[in-house]
Amino acid sequence: MTATIEPEVGKARLRKEDARLITGRTRWTDNLTLPGLLHMAILRSPMAHARITNIDTAGAKDAPGVIAVYTGADLADVQGSLPCAWPITDDMKSPNAPSLAVDTVNFAGEAVAVVIARSAYEAADALERIDVDYDDLPVVLDMAAAVADGADLVHPDLGTNKSATWIFDSGEAGTGGDVEQAIADSEVVIERTYRQQRLIPAFMEPRSVVCDPTGEQTTLWSATQIPHILRFLLAAQLGVPEHKIRVIAPDVGGGFGGKLQVTPEEFLVFLIARRLGKPVKYTETRSESLQSAHHGRDQIQKLTLSARRDGTVTGLKVELLADMGAYLRLVTPGVPILGAFMFNAIYKFPAYRFVCTNVFTNKVPTDAYRGAGRPEATYAIERLMDELAVELGVDPMAIREKNWIKHEEFPFTTVCGLTYDSGNYEAATDKAKELFGYDALRTEQLERRERGDSVQLGIGISTFTEMCGLAPSRVLGSLAYGAGGWEHAAIRMLPTGKVEVVTGSSAHGQGHETAWSQIVADQLGVPFEDIEVLHGDTQSSHKGMDTYGSRSLTVGAMAVVKAADKVKDKAAKVAAHMLEAGEDDVEFSAGSFRVRGAGADAKAVSIQDVALAVFAAHDLPDGVEPNLDSEATYDPENFSFPHGTHLCATEVDTETGRVSIRSYVCVDDIGKVVNPLIVEGQVHGGLVQGIAQALFEEAVHDESGTLTTGTLADYLVPSAADVPTFVTDRTETPSTTNVLGVKGVGEAGTIASTPAVVNAIVDAVRHLGVSDIQMPCTPMRVWQAIQTGQTDAGGLGSEAGGGLGSIDTSGGAQ
């Protein structure tokens, strides 16, 4: 009889990885020890902008245990410039970015000297014996001031603080109308300016790197998201043959985009280890991580939305200033450009214009942080949709329903030229409203306002989509990105029937080993337990584009599926021979080959049987090589577009400004689900990071450019005690762009939650004259907004902002 195998995809499997991760049996980069290992410590500039006039290293060189001391001048001829892989315009200005400053420092925390010693403690102690003389230079911190005429310059040789200006115009691109005409012809115009504060990825494991130059290859271990890209850029920038470099990303303790980087520390350890001929390790402290690892967000968003009086949106204009910091890191200039395609979100804007000016300041460089451009865009449009609803006096959900893409309209080409393949915003919203008790909460809100309660209830909405699977190589090429977006995988069938899966995507907490095993178990009909997933080592996984942008499942797993298909195709030839049938006459099901139509009791050959037969190679068909192993490279034709509806209820104490989240419901549509347990973990983690931006986190600099939130006592990363219990659920609209029907999930919670929370806070106090509160919405900021709002609004009573109308989706406001 044909065996029945329960599908693995869809099971809430416990993660294979967790046993070693939570019992301390893993090897973080900092756990590595090698014979003769030396340690590097870095002296960092306390100045945000200064000229280095002298560095005296004599005292450090004489310190106990010190092997060598290097300054930027010592390495100037070999260190090159840290790479930027995304020149977004032909005239983009990109300054030289040394790993070790030579004559000028451009942000507080920039490396100016390194000590190599026999122990980490001796290296750190010797730093105190280095004397550096600085001449102060003007410090540029404010983006708006930086682009004003006569502004002081971060890089005087560039002649400007503007790195580049990137423009998308739907009228010029032929994807929509002229936005200026749309605004001029509109009946309603909403203009707002929002501030995306600077954030710090704050991954759990600090960055660490170890380099061993003593073998035939130079081996570099790094806590990185991108081992393959790192290997390529080490070779390209430092002139070492690529085949002589091996990069290993062992277990990596989180990244959130913060380890999507080629870092000064990696270059320095690599160069110095090769110079000394001895292995070298560097592990940053938490304070070093906060003040020198790249930051995220940091935008000023000037927005104009036009609409008809019936609530139909007619145009959207976005003008951004984006803070690059002092240098352009790996994808720094492109991060805000990713958001350009998401400001229109799920809404049918007929005209759109996006202008982004990238600006240099004397701060830590920015780069990708969970969501990378898309949270910024979603925040802006979801805040604007609330403002439009207030202007028209209707429920904010109704204004969204009026303008979103209906489920029967998919596939839908947006005003910026992307084709959304599938979605059902109505279904996700209906389920979220039911779980949330939306109507009852609106009733309670009105009652509290009428009573004049000191604690007011607010309801926040975020109906979002995002583009996931940063991949289509042609699209990336059209945006001048410096690489492709394909992914590679290989499957090795072992003689005993066990399977090794080699993937080019590199996990740092996502659960690849579990999810890939589930997928391959279904594809090949082998037990979940018999599959081993290998990743993160350029020796065993020789090709890959690594992990970021929610691309692992929608791109990396598709390469795995393609490789599995090739294994089955090879195995079919051998199985047909073993069954004495033609290849076209056999079929594969539940891990076994049978003669098509021969009946359930007919002879079957399992794929494990085929693997052993191929290994023996005693009786293979003519012309068939003894090998089932297969490789595949997958390059998708489109992004995937998960979506969802997030609803947040906040209670705001109008006397103290304290905000508490009473309930949070999210219903996400991520297509087919491989492992619900992993999905829940990703959603929960994302929600916390998005809520953190709304309520807690902000990287703050003083007037001299010093980071004043340089410890976790000052930079407020929330714990489980600071966030509510979440109610999560899903709808399922399979993606039509890949065979599994999957979409991304790693960034969904972060993208959607921030505007849901802020909309809820503003909604709670809007009747008091408040229309915006700058993030993070701390008690002080909320309280001040209430005081200012009441003053500006002349003490608006409970009537202001009350009684919400509805919108007829086929007609005018009611």
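Residues numbered from 1 in each chain as written. Predicted model: local features only at pLDDT ≥ 70, side-chain atom pairs only at ≥ 80, totals over all residues. Heavy atoms only, no water.

Student: Sorry if this is basic, but what is going on with the environment of Ala 617 here?
Tutor: As for its placement among the helices and strands, Ala 617 is situated in the loop between helix 19 (607-616) and strand 25 (630-634). According to the relative accessible area criterion, Ala 617 is partly exposed, its value standing at 34%. For the pair Ala 617 and Asn 627, spaced 10 residues apart in sequence, the C-alpha to C-alpha distance is 9.1 Å. (Helix = DSSP H or I, 4+ residues; strand = E, 2+ residues; numbered from the N terminus. Buried < 20%, exposed > 50% of the residue type's maximum accessible area, 1.4 Å probe, protein only.)

Student: I keep staring at unusual backbone geometry and nothing clicks. Help me out?
Tutor: A negative phi angle is the norm for most residues apart from glycine, just as the trans form is the norm for most peptide bonds. Backbone torsion omega between Phe 410 and Pro 411 reads -5°, so that peptide bond is classified as cis. Mapped onto the elements, Pro 411 comes out in the loop between helix 13 (396-403) and strand 16 (412-413). Here the amide bond leading from Met 775 into Pro 776 is cis, since omega sits at -10°, within 30 degrees of zero. The backbone phi angle of Arg 297 is positive, close to 60°, even though this residue is not glycine. Locating Arg 297 in the fold gives a position in strand 13 (residues 296-307). The class for Arg 297 is buried, based on a relative accessible area of 6%. Here the phi dihedral of Glu 580 falls at roughly 55°; this positive angle occurs in a residue that is not glycine. Structurally, Glu 580 can be placed in the loop between helix 18 (552-578) and strand 22 (586-589).

Student: Mind showing me how you'd approach the packing of aromatic side chains here?
Tutor: A ring pair, where both rings are aromatic, is described by two values, the distance of the centres and the angle of the planes. Taken as a whole, this structure holds 14 aromatic pairs when the rule is applied. Judged by centre distance (6.2 Å) and plane angle (65°), the ring pair of Trp 166 and Phe 341 falls under edge-to-face. Linking Trp 166 in strand 7 (residues 162-169) with Phe 341 in the loop between helix 11 (335-339) and strand 15 (352-360), this pair joins segments that are 175 residues apart in sequence. For Phe 341, a relative accessible area of 11% puts it in the buried group. Both rings, one in Phe 168 and one in Tyr 352, keep their centres 6.0 Å apart while their planes meet at 40°; by these two values the pair is tilted. (Phe/Tyr/Trp six-rings, centres within 6.5 Å; stacked < 30°, edge-to-face > 60°.)

Student: I would appreciate a short explanation of the pattern of salt bridges in the present structure.
Tutor: A side chain of one charge can pair with a side chain of the opposite charge if their charged atoms are brought near each other. Tallying each qualifying case throughout the model produces 49 salt bridges. The partner of Arg 308 in a salt bridge is Asp 310, and the shortest N-O contact between them spans 3.8 Å. On the accessibility criterion, Arg 308 (40% relative accessible area) is partly exposed. Between Asp 530 and Lys 498 there is a salt bridge, with its nearest N and O atoms 3.2 Å apart. (Salt bridge = Lys/Arg side-chain N within 4 Å of Asp/Glu carboxyl O.)

Student: Before we go on, may I ask you to explain the pairing of strand 22 in this structure?
Tutor: Across a regular strand the side chains alternate sides, sitting on one face of the sheet and then on the other. Pairing of strand 22 with strand 23 (residues 592-595), which is carried by 4 bridges, proceeds in the antiparallel orientation. Paired with Val 586 across the strands is Val 595, a residue of strand 23. Taken together, strand 22 and the strand that follows it, strand 23, pair antiparallel across an intervening segment of 2 residues, in which Ala 590 is found at a positive phi of about 55°. (Pairing = 2+ DSSP bridges.)

Student: What should I look at first to understand the packing of helix 20 (residues 676-695) against helix 21 (residues 748-765) in this one?
Tutor: For any two helices packed against each other, one specifies the crossing angle of their axes together with the interaxial distance. Taken N-terminus to C-terminus, the directions of helix 20 and helix 21 make an angle of 40°; their axes are 7 Å apart at the nearest point. Classified by the angle their axes make, helix 20 and helix 21 are oblique. Classified by chirality, the crossing of helix 21 by helix 20 is right-handed. Here Val 683, Gly 686, Leu 687, Gln 689, Gly 690, Ile 691, Gln 693, Ala 694 and Leu 695 of helix 20 lie close against helix 21, whose contacting residues are Gly 749, Thr 750, Ser 753, Thr 754, Val 757, Val 758 and Ile 761. Across the contact of helix 20 with helix 21, the residue classes tally to 8 nonpolar, 8 polar and no charged. (Axes fitted to C-alpha atoms, helices over the stretch in contact; angles between N-to-C directions. Parallel < 35°, antiparallel > 145°, perpendicular 65-115°, else oblique. Left-handed = near helix turned anticlockwise from the far one by under 90°. Contact = heavy atoms within 4.5 Å. Nonpolar A, V, L, I, M, F, W, Y, C, P; charged D, E, K, R; others polar.)

Student: Sorry, what's going on with the side chain of Gln 299 here?
Tutor: Within the element layout of this structure, Gln 299 appears in strand 13. In this structure the side chain of Gln 299 is engaged in a polar contact, spanning 3.4 Å, whose partner is the side chain of Gln 301. Those residues within four positions of Gln 299 in sequence are excluded, and the remaining contacts are Met 143, Tyr 194, Arg 195, Gln 196, Leu 320, Leu 321, Ala 322, Pro 336 and Glu 376. (Polar contact = N/O pair within 3.5 Å; in protein donor to acceptor, adjacent residues only side chain to side chain.)

Student: Any chance you could explain the sheet that holds strand 7 here in plain terms?
Tutor: Spatially, 5 strands are ordered 7-15-14-13-8 in an open sheet, and the strand pairing comes out mixed. Here the strands that pair on one side only, and so sit at the sheet edges, are strand 7 and strand 8 (188-199). Within the sheet, the average angular offset between the axes of one strand and its neighbour, ignoring direction, is 10°. As paired strands, strand 8 and strand 13 are joined by 11 bridges and run antiparallel to one another. Paired with Val 189 across the strands is Ser 306, a residue of strand 13.

Student: Please clarify how the sheet that holds strand 3 (residues 66-71) should be interpreted in this entry.
Tutor: Pairing between sheet strands relies on hydrogen bonds along the backbone, with the strands arranged either parallel or antiparallel. Read from one edge of the open sheet, 7 strands run 3-5-1-12-9-10-11, paired in mixed fashion. Pairing within the sheet leaves two strands with one partner each, and these edge strands are strand 3 and strand 11 (245-248). Neighbouring strand axes in the sheet, compared pairwise and without regard to direction, differ in orientation by 20° on average. Pairing analysis gives 4 bridges linking strand 10 (residues 218-222) to strand 11, with the strands arranged parallel. Pairing of Thr 218 across the sheet is with Ile 245, part of strand 11.

Student: What's the story with helix 20 in this structure? I'm lost.
Tutor: Given 3.6 residues per helical turn, the α-helix brings residues three or four places apart onto the same face. With 20 residues, helix 20 ought to run about 28 Å at 1.5 Å a step, and its terminal C-alpha atoms sit 28 Å apart, in line with that. Of all 20 residues in helix 20, 14 are buried, a share of seventy percent or more. Between the side-chain oxygen of the N-cap and the backbone nitrogen of Leu 677 there are 2.9 Å, and the N-cap of helix 20 in question is Asn 675. (Expected span 1.5 Å × (residues − 1).)

Student: Even after reading the chapter, I still don't get the nonpolar core, so can you show me in this structure?
Tutor: Nonpolar side chains in soluble globular proteins generally cluster together in the buried interior. Among the nonpolar cores identified, the biggest contains 147 residues, and Met 40, Leu 305, Phe 343, Tyr 352 and Phe 354 are the most heavily contacted of them. If we skip the residues at most four places from it in the chain, Phe 343 touches Gln 301, Leu 303, Leu 316, Val 318, Leu 320, Tyr 352, Phe 354, Glu 376, Ala 377, Ala 380 and Ile 381. Counting residues in hydrophobic clusters, the runner-up holds 46 residues, among them Val 499, Val 555, Ala 559 and Ala 571. (Core = buried A, V, L, I, M, F, W, Y, C linked by side-chain atoms within 4.5 Å.)

Student: Hey, could you run me through the pairing of strand 25 in this one?
Tutor: Alternating residues of strand 25 divide into Ser 630, Ala 632 and Tyr 634, all buried, and Glu 631 and Thr 633, none buried. Note that strand 19 (residues 487-493) and strand 25 share 5 bridges and pair antiparallel. Looking across to strand 25, one finds that His 488 is bridged to Thr 633.

Student: Would you take a moment to explain the environment of Ala 108 for this structure?
Tutor: In this fold, Ala 108 is placed in the loop between strand 4 (104-105) and strand 5 (111-117). With sequence-adjacent residues up to four places away left out, Ala 108 is seen in contact with Ser 45, Pro 46, Met 47, Ala 48, Gln 291, Val 364, Gly 705 and Thr 706.

Student: Would you mind showing me how to read helix 17 (residues 512-524) here?
Tutor: Taking 1.5 Å as the rise per residue, helix 17 with 13 residues should run 18 Å; its terminal C-alpha atoms sit 17 Å apart, in good agreement. Every buried residue of helix 17 is listed here: His 512, Glu 513, Thr 514, Ala 515, Trp 516, Ser 517, Gln 518, Ile 519, Val 520, Ala 521, Gln 523 and Leu 524. Gly 525 sits one or two positions beyond helix 17 and adopts a positive phi of about 70°.

Student: Looking at this model, I keep getting lost on the side chain of Ser 45. Mind explaining?
Tutor: Turning to its location among the elements, Ser 45 is positioned in the loop between strand 1 (38-44) and strand 2 (50-56). Polar contacts involving the side chain of Ser 45 include one to the main-chain carbonyl oxygen of Met 47, which spans 2.8 Å.

Student: Just checking my understanding: could you explain the confidence of the model for the protein chain for this structure?
Tutor: Close reading of the predicted structure is inappropriate where its pLDDT is low. For the protein chain, per-residue confidence averages 95 on the pLDDT scale, and residues scoring 70 or more make up 97% of the total. For residues 793-803, every residue scores under 50 in pLDDT, and the model assigns this stretch 15 contacts once sequence neighbours within four places are set aside. Residue range residues 809-814 is modelled with pLDDT below 50. Its contacts to residues more than four positions away, or to other chains, number 13 contacts. (pLDDT = per-residue confidence, 0-100.)

Student: Can you walk me through the environment of Trp 486 in this structure?
Tutor: Counting through the fold element by element, Trp 486 comes out in the loop between helix 16 (473-478) and strand 19. Residue class for Trp 486 comes out partly exposed when judged on its relative accessible area of 24%. For the pair Trp 486 and Ile 190, spaced 296 residues apart in sequence, the C-alpha separation works out to 41 Å. Apart from residues no more than four positions distant in its own chain, Trp 486 is found in contact with Ala 471, Ser 473, Lys 543, Gly 544, Met 545, Arg 551, Val 555, Thr 633, Tyr 634 and Asp 635.

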